[in-house]
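Fold and contact review
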Amino acid sequence: MNKAITDGAELMPPSYGEALESYAAGDGTANAPGVGRGARLIADDPDFGACLELDKTDSIQSLRYRGETPLLPGCYLRVSVRIKAVEGPLPAARIAGYAGGPQGAAVADAQTEGPSVRLRELGEVREVSAIVGPGARLGVDMVWGANALYGHFGVDVTGPKGAVLRIAPLVIEDVTSVFLHQQLAQVDVRDFGAAGDGETDDSDAFEAADAAARGRVLLVPEGRFFLGRDVRLSAPVRFQGQVVMPEEAALLLRRHFDLPQYCDAFGDPALALRKALQALMLPHAPSRLDMKGATVTLVEPLRVRAPRTMSRNAQRKTLCNGRIVAAAGPQWIPQERRALVRWAAEAPRVLNDVTLAGEIPLGAHVSGAGVRAETYVSDVDPEARILTLNGALGGGAGTRDLTFTRFRYLLDFSDIPTLCDVTLSGMDLACERLSSGIMLAPRGANMRLQDCTIRDMRDRGLTSCGSGCSCLVLDRSSFVSRRRTALPHLGFNASSSGLRIVNCRSDGPHTFGHFSGTHMLMSGCHVSNSTGQLHPGLVLERGPNCLLSGNHFEACSVVVGAEQESVQPDGNLFSPAQERPGL
């Protein structure tokens, strides 16, 4: 493809004899002076035919074409000229140009000088050339970036004064096809100004290349490409290099929206999963993020960050078909803080005058005198030294000494203020007794676990620190542990209304669930206790609002109300422990 022909661009400048006034000294812009009396037309040079003879009177003698040679998007030009010295000292020569941008302003950071060629003897003809283009491709001498619209091209002669030179006509030709490897099938982001140095913001270049792809593959070559803001790409992308982004910026890969593609983009699987989940929350993102059966190993909690613009439509978002495994590392150790707080009965969920309030994280578990089970910090105001809880404290007003423990979760959504309509489907969360499973957002509704397994949780399987569990659905999911010793760990907690648990399984020494909200339905579940002793399988703080039907409780009980009364609701099976093979 020759873009000069395809796009109708005029590249070749007129000859010196046709329009000498079209050439200038200086940079070739409107205010540049003419070539002056030191320039003469030569009609019949034995090497060049018609050419220009030029006296070198300055340390840098410039000759430029005043015309604006267009530099089309993705286009590469070869500028060349033949030159010889006929008298005087021997100088050097190089191709040079003025990079013009919008409103004629010079493009900052454009490389305006090509390689220098030394004239070795009088009468010897040397060719001086340089390739100009938007991207830092191999063989490109003058990289001008995506903002360059045109150039004033010509030659600089450097070195001692006093030489007399003869210069053949300037040649400008399109060499785009040399640089567009498989150009009919893919578009290289470097052709649109991407630097790939890990520092220059290549966001505009990526979007320009995506717009030009028109069904072709977008090529991200080797390098580190910094994207400083949200970028949405519609074309299929082939990553040879990697993308670097700020924490709050999201990359949306619409064509192949799956974890393997994000691993190609970011390199590290943990980072790839975090950025892919962030992109899932963008407006108009695909509704399903498929891990394609991949396993992601984490040595620290994966904290999912909200993108700058969150989706507000009612479309359900799904993370599916993958496995997340905890590996040993110090970041799994729960953070614990003790603090003095002031509490009053008229505001039962608010703690005032909290010492070290700024060190107590959202989602911390609260324990101490007068604190109900499964009480968590749902909001933090460090400046006002106020903590808000997901449940009311009991006891008398006054000052208390409380302990705040922040468990560490494989998937932690607590940095997203409100999260609704998200499903985890076909996911295996292997906590390996190192981590907890999932922390929900502090606010939200209609979260769902479907065909998921949370195994060997250290402290908690699924935690709601606020109202993010409203209308939570647990469907055909398992909370299992190989432990056989009763420890204070828990499958899930929920404190809002509308909980539904259907066809789930809990097996291990842990309590399956703690529910302190209203209107719960549990059906078709199997809850078993592996400690060898009768152990609470389900704790209901508000029993009359809960319907249990068709469940099997093996070697465990249902505990209701503040008095922890053990009950066996009709329509459910309660049995002692049975001999079963190990997990």
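Check the entry above for the structure.
Below: a short report on this structure. (Residues numbered from 1 in each chain as written. Predicted model: local features only at pLDDT ≥ 70, side-chain atom pairs only at ≥ 80, totals over all residues. Heavy atoms only, no water.)

**Considering unusual backbone geometry**
- Positive phi, close to 50°, is recorded for Arg 214, a residue that is not glycine.
- When you line up the elements, Arg 214 lands in the loop between α3 (203-213) and β16 (217-220).
- On the basis of relative accessibility, which here comes to 78%, the residue Arg 214 falls in the exposed class.
- Even without a glycine there, the phi angle at Leu 356 is positive, about 60°.
- Along the chain, Leu 356 turns up in the loop between β27 (350-351) and β28 (365-367).
- Judged by its relative accessible area of 44%, Leu 356 falls in the partly exposed class. (Helix = DSSP H or I, 4+ residues; strand = E, 2+ residues; numbered from the N terminus. Buried < 20%, exposed > 50% of the residue type's maximum accessible area, 1.4 Å probe, protein only.)

**Concerning the sheet that holds strand β14 (residues 186-188)**
- Spatially, 3 strands are ordered β14-β16-β19 in an open sheet, and the strand pairing comes out parallel. The strands lining the two open edges of the sheet, one partner per strand, are β14 and β19 (237-239). Neighbour-to-neighbour, the strand axes of this sheet turn through a mean angle of 30°, independent of strand direction.
- Pairing analysis gives 3 bridges linking β16 to β19, with the strands arranged parallel. Among the inter-strand pairings, Leu 219 is bridged to a residue of β19, identified as Arg 238.
- Those strands touched by α3 are β14 and β16, and its axis lies near 150° from that of β16. (Pairing = 2+ DSSP bridges. Axes fitted to C-alpha atoms, helices over the stretch in contact; angles between N-to-C directions. Contact = heavy atoms within 4.5 Å.)

**Considering the environment of Pro 134**
- Examined against the element boundaries, Pro 134 turns out to sit in the loop between β9 (126-133) and β10 (142-143).
- Pro 134 sits in the buried class, given a relative accessible area of 5%.
- Taking the C-alpha atoms as reference points, Pro 134 and Ala 43, separated by 91 residues in sequence, lie 37 Å from one another.
- Once you skip the residues sitting within four places of it in the chain, Pro 134 turns out to touch Gly 74, Cys 75, Tyr 76, Val 143, Trp 144, Gly 145, Ala 146, Arg 190, Asp 191, Phe 192 and Gly 193.

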